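Chain by chain, the residues:
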Amino acid sequence: MAKTIQQINERIASGEAVVVTADEIIGIAEDIGIKKAAEYVDVVTTATFGPMCSTGAFLNVGHTTPGLRMEKIYLNDVEAYGGIAAVDMYIGATQASIAQGDEYGGAHVICELIEGKEVKLRAYGKGTDCYPRREIETAIRLDEINEAYLYNPRNAYQGYNAAANTSSKRLYTYMGILQPNLSNITYCTSGQLSPLLNDPLYRTIGIGTRIFLAGAQGYVAWMGTQFHSGVARDEDGRPLSPAATLAVVGDMKQMSPSYIQPAVFEKYGVSMFVGIGVPIPILDEEMLKTVCIKDSDIAMNILDYSVSDGAKPILKKATYAELKSGEVDIDGKKVRSSAITGHNKAREIAELLKEQIADKAFYLTEMVQSFPQGNKLNSLK
Amino acid sequence: MKTRLLLSFPHNLTAEPVTYTLVKRYDLIPNILKADIDHNRQGSLLLEIEGEQANIEDAVMYLRGSGIDVQALKAAIVIDEERCVECSACVAACEIGALRCDEEFKLKFEADKCIECMLCIQACPLRAIRSIF
Ligand code: SF4
Ligand code: SF4
């Protein structure tokens with residue numbers, strides 16, 4: 001029997017909703033079968049905690065008197081974008097500090113604000129009739145500024161290629177250190193817990209979907225950038241290469257440093273570990289089938305990162321389960337594989353979201369608009 | 001045998017002639033790897049000590065008896081478990097397999113395998129691994 005999101009929310013409100021994680025549903029469906037499981041379970045929680053470069057925050061720090069039109073802005077010596085209204089700014093996670101270089105960046109500033117720490121603000125303007133002031137040097141704290149919300153243009157990739165290196169030189173990448181001569185593989189995504197892999201054709205995840213974002217209740221704001229829903233798929237609709245992404249938004253004042261952490265990738269730069277959880281309503285048997293995706297069902301391409309000119313060749317097509325086993329056979333060579341993602345954090349988020357829903361602290365939303373299917377990617381000429 | 005000891009001094013003891021006593025009384029050869037002594041605050045001293053095992057044990061007793069905290073260090077790196085998010089980026093860097101992940105994605109460090117190449121320090125995106133030197 002099919003359920004609606006409204007009915008599921010009513011069950012949450014009455015404390016009857018059955019909520020399980022995307023790890024747990026696999027065993028439940030094996031035990032009682034797809035049909036019974038679809039009736040029994042209302043929501044399946046999914047999550048990921050990985051480095052997501054396309055992360056940043058809009059801040060409004062409040063006006064001074066006389067006013068200053070902030071055009072050049074630095075937060076703890078990290079430049080924030082000031083090309084919007086007077087005291088609005090965007091601080092991007094990957095922006096490096098002018099004082100400390102790649103060891104400190106926008107991600108650190110965002111996290112220090114979330115931790116409640118004081119952040120040094122320097123801002124300059126040319127001085128106008130309505131904003132005569134030309135500079136300011138002061139300190140801000142999250143609870144003292146107006147709005148502060150994360151707006152991440154591209155998070156939660158639906159699958160991501162694994163990386164290796166066949167050259168004779170060690171590579172330092174955003175996928176971590178890749179040892180020379182095909183000595184190791186690194187991979188991201190949270191496998192069977194991954195949000196978009198549990199809803200491969202975006203039946204329930206769309207614009208307006210309420211999510212767990214770094215400890216706060218956030219929303220899917222839009223399709224993420226580089227949205228590539230038009231990739232080749234298997235017979236169950238699962239993408240065979242990286243596909244959709246999410247643009248997400250959430251209130252920094254509700255976030256917790258436990259679920260968002262700055263990252264520094266050696267000789268690459270600053271990034272951010274972002275924790276995202278997405279609840280999937282079990283509308284019918286079809287939906288239940290898709291959330292039963294297992295690590296062994298997830299196709300992962302292992303790409304050669306030593307090739308930088310043109311498309312990186314695929315060294316091997318493996319499954320997530322193979323990568324997770326710690327060793328993958330490539331042409332007879334046993335190659336070590338390890339993650340660049342916080343698996344246990346992802347599990348923790350899926351568990352936490354499950355508890356929040358069971359405790360009536362988190363309700364599901366109907367999406368406002370669905371994502372486009374068949375979207376293609378353009379390259380820069 | 002050789003062993004590495006990290007001594008932490010309370011502020012009233014930072015001037016204690018520790019190394020002298022180790023040589024004279026316990027017949028040990030101390031090699032100072034790192035000293036961080038501020039006469040007004042707590043200090044620390046990283047020593048590599050060579051000598052008879054029994055003498056090293058006696059010396060540790062003596063140091064502890066005089067109010068110095070002594071930690072035996074097996075490896076050149078320390079992982080800050082508070083900061084670690086178990087992302088396993090360090091596992092990728094550790095070719096020798098001293099750092100690895102178990103099936104539950106818990107980070108395991110086998111200090112006696114470590115060859116002190118220090119690559120994991122660069123690899124850790126959380127900067128949760130530091131050198132003891
Ligand atoms: S120092 Fe080198 S050998 Fe030791 S744990 Fe780190 S990477 Fe492994
Ligand atoms: S790289 Fe750092 S944060 Fe990641 S598992 Fe290793 S010590 Fe922990």
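Remember, it's a predicted structure, so these values are computed and weren't measured experimentally.

Caption draft 1: Fine view of the site of ligand 1. Around ligand 1 sit Ile77(B), Cys94(B), Ile96(B), Ala98(B), Leu99(B), Phe109(B), Cys114(B), Ile115(B), Glu116(B), Cys117(B), Met118(B) and Cys120(B), and that is every residue in its neighbourhood. Here the residues of the shell around ligand 1 are counted per class, giving 11 nonpolar, no polar and one charged.

Caption draft 2: Structural context of the interface of chain A and chain B. Taken together, the 28 residues of chain A in the interface contact 21 residues of chain B. Here chain A and chain B share an interface that buries about 1900 Å² over both sides, 52% of which is from carbon and sulfur atoms. Per-residue buried area on chain A facing chain B is highest for Ile177(A), Arg336(A) and Asn344(A); these three make up 24% of the total on that side. Here chain A and chain B share three salt bridges between them. Arg347(A) serves as the salt-bridge partner of Glu104(B), at 3.5 Å between the closest nitrogen and oxygen.

Caption draft 3: Region of interest: the pattern of salt bridges. All names here are of chain A. Applying the stated criterion across every chain yields a total of 31 salt bridges over all chains. The salt bridge partner of Asp 23 is Arg 347, with a shortest N-O separation of 3.7 Å. Of this pair, Asp 23 sits in the loop between strand 1 (19-21) and helix 2 (24-40) while Arg 347 sits in helix 7 (residues 343-358), and the two are 324 residues apart along the sequence. Overall, the relative accessible area of 27% leaves Asp 23 in the partly exposed class.

Caption draft 4: Highlighting the state of the cysteines. All names here are of chain A. Counting across every chain of the model gives zero disulfides over all chains. The thiol of Cys 53 is unpaired, and the distance to the nearest cysteine sulfur, on Cys 188, comes to 9.8 Å. Using a relative accessible area of 28% as the deciding quantity, one classes Cys 53 as partly exposed.

Caption draft 5: Geometry of the domain arrangement of chain B. Domain parsing of chain B yields domain 1 (2-73) and domain 2 (77-131). Relative placement of domain 1 of chain B and domain 2 of chain B: their C-alpha centres are 28 Å apart.

Caption draft 6: Here's a closer look at the layout of surface pockets. As a volume, the largest pocket reaches approximately 1000 Å³. Around the largest pocket sit 36 residues that line it, and Arg154(A), Tyr157(A), Tyr160(A), Tyr174(A) and Gln226(A) are the ones nearest its centre. Broken down by secondary-structure element, the contributors of at least two residues to the lining of the largest pocket are strand 2 (43-51) and strand 11 (148-155) of chain A. No other element matches strand 2 of chain A, which puts three residues into the lining of the largest pocket. Taken together, the residues of the lining of the largest pocket break down into 18 nonpolar, 16 polar and two charged. Along the walls of the second largest pocket sit 24 residues, with Leu73(B), Ile77(B), Val78(B), Ile79(B) and Arg130(B) positioned nearest its centre. The set of elements that each furnish at least two residues to the lining of the second largest pocket consists of strand 2 (29-36), strand 3 (43-50), strand 4 (69-73), strand 5 (77-79) and strand 7 (107-109) of chain B. Split into classes, the residues belonging to the lining of the second largest pocket amount to 15 nonpolar, two polar and seven charged. Two domains each provide a minimum of three residues to the lining of the second largest pocket, namely domain 1 (2-73) and domain 2 (77-131) of chain B.

Caption draft 7: The domain arrangement of chain A, seen in detail. All names here are of chain A. Split into domains, chain A comes out as domain 1 (5-53 + 151-358) and domain 2 (62-145). Of note, the centres of domain 1 and domain 2, computed from C-alpha atoms alone, are 33 Å apart. Between domain 1 and domain 2, the contact holds 18 residues from the first and 16 residues from the second. Summed over both partners, the interface of domain 1 with domain 2 buries about 1400 Å², with 73% contributed by carbon and sulfur atoms. Between domain 1 and domain 2 we count zero salt bridges in total. Taken together, the links from domain 1 to domain 2 amount to three residue pairs in polar contact (both at pLDDT 80 or more). Elements supplying a minimum of two residues to the side of domain 1 that touches domain 2: strand 11, strand 19 (260-265) and strand 20 (269-281). A breakdown of the residues in the side of domain 1 that touches domain 2 according to their chemical character gives 12 nonpolar, four polar and two charged.

Caption draft 8: How the structure looks around the sheet that holds strand 4 of chain B. All names here are of chain B. Spatially, four strands are ordered 2-3-1-4 in an open sheet, and the strand pairing comes out antiparallel. The strands lining the two open edges of the sheet, one partner per strand, are strand 2 and strand 4. This sheet shows a mean twist of 25° between the axes of neighbouring strands, independent of strand direction. For strand 1 (residues 2-9) and strand 3, the ladder comprises eight bridges, and the chain directions are antiparallel. Within strand 3, the residue paired with Leu 6 across the bridge is Leu 46. Sheet contacts for helix 1 (residues 18-26): strand 1, strand 2 and strand 3; angle to strand 2, the most-contacted strand, approximately 170°.

Caption draft 9: Just the nonpolar core, in detail. All names here are of chain A. Among the nonpolar cores identified, the biggest contains 117 residues, and Ile 25, Leu 59, Met 70, Leu 75 and Met 252 are the most heavily contacted of them. Other than its neighbours up to four places away in sequence, Met 252 contacts Ala 57, Leu 59, Ile 110, Leu 113, Ile 114, Leu 142, Ala 148, Tyr 149 and Leu 150. Counting 18 residues, the second largest nonpolar core, distinct from the first, contains Ala 164, Leu 182, Ile 185 and Ala 318.

Caption draft 10: Representation of the environment of Phe9(B) within the structure. Residue and element names in this part refer to chain B. Along the chain, Phe 9 turns up in strand 1. Looking at Phe 9, the relative accessible area reads 1%, which means it is buried. When the C-alpha atoms of Phe 9 and Phe 105 are compared, they prove to be 37 Å apart, with 96 residues separating the residues in sequence.

Caption draft 11: Layout of the site of ligand 2. In the neighbourhood of ligand 2, 13 residues make up the surrounding shell, with Cys84(B), Cys87(B), Ser88(B), Cys90(B) and Cys124(B) lying closest. Here the shell around ligand 2 is built from residues that sort into 11 nonpolar, one polar and one charged.

Caption draft 12: Geometry of the packing of aromatic side chains. Overall, the coordinates contain 14 aromatic pairs over all chains when judged by the stated rule. Look at Phe265(A) and Tyr268(A): their rings are 6.5 Å apart centre to centre, the planes differ by 75°, and that puts the pair in the edge-to-face class. A residue is classified by how much of its surface remains accessible, and Phe265(A), at 2% relative accessible area, is buried. Classification of Tyr268(A) by relative accessible area gives partly exposed; the value is 36%. Joined through ring pairs, the aromatic side chains of Phe58(A), Tyr90(A), Tyr149(A) and Tyr151(A) make up one cluster. Here the guanidinium or amino end of Lys267(A) rests over the ring plane of Tyr172(A), the centre of that ring lying 4.2 Å away. Above the face of the Tyr62(B) ring, Arg25(B) is positioned so that its terminal group lies 4.9 Å from the ring centre.

Criteria and cut-off values
Residues numbered from 1 in each chain as written. Chains lettered and ligands numbered in written order. Predicted model: local features only at pLDDT ≥ 70, side-chain atom pairs only at ≥ 80, totals over all residues. Heavy atoms only, no water. Near = heavy atom within 4 Å. Nonpolar A, V, L, I, M, F, W, Y, C, P; charged D, E, K, R; others polar. Contact = heavy atoms within 4.5 Å. Buried area = accessible area lost by both parts, 1.4 Å probe. Salt bridge = Lys/Arg side-chain N within 4 Å of Asp/Glu carboxyl O. Helix = DSSP H or I, 4+ residues; strand = E, 2+ residues; numbered from the N terminus. Buried < 20%, exposed > 50% of the residue type's maximum accessible area, 1.4 Å probe, protein only. Disulfide = S-S within 2.5 Å. Domains from an automatic or database assignment. 1 Å grid on protein atoms, 1.4 Å probe; cavity = no way out; pocket = protein on both sides within 12 Å on 5 of 7 lines; lining within 4 Å. Points joined across faces, edges and corners; volume = space filled by probe spheres on them. Polar contact = N/O pair within 3.5 Å; in protein donor to acceptor, adjacent residues only side chain to side chain. Pairing = 2+ DSSP bridges. Axes fitted to C-alpha atoms, helices over the stretch in contact; angles between N-to-C directions. Core = buried A, V, L, I, M, F, W, Y, C linked by side-chain atoms within 4.5 Å. Phe/Tyr/Trp six-rings, centres within 6.5 Å; stacked < 30°, edge-to-face > 60°. Lys NZ or Arg CZ within 6 Å of the ring centre and 35° of its normal.

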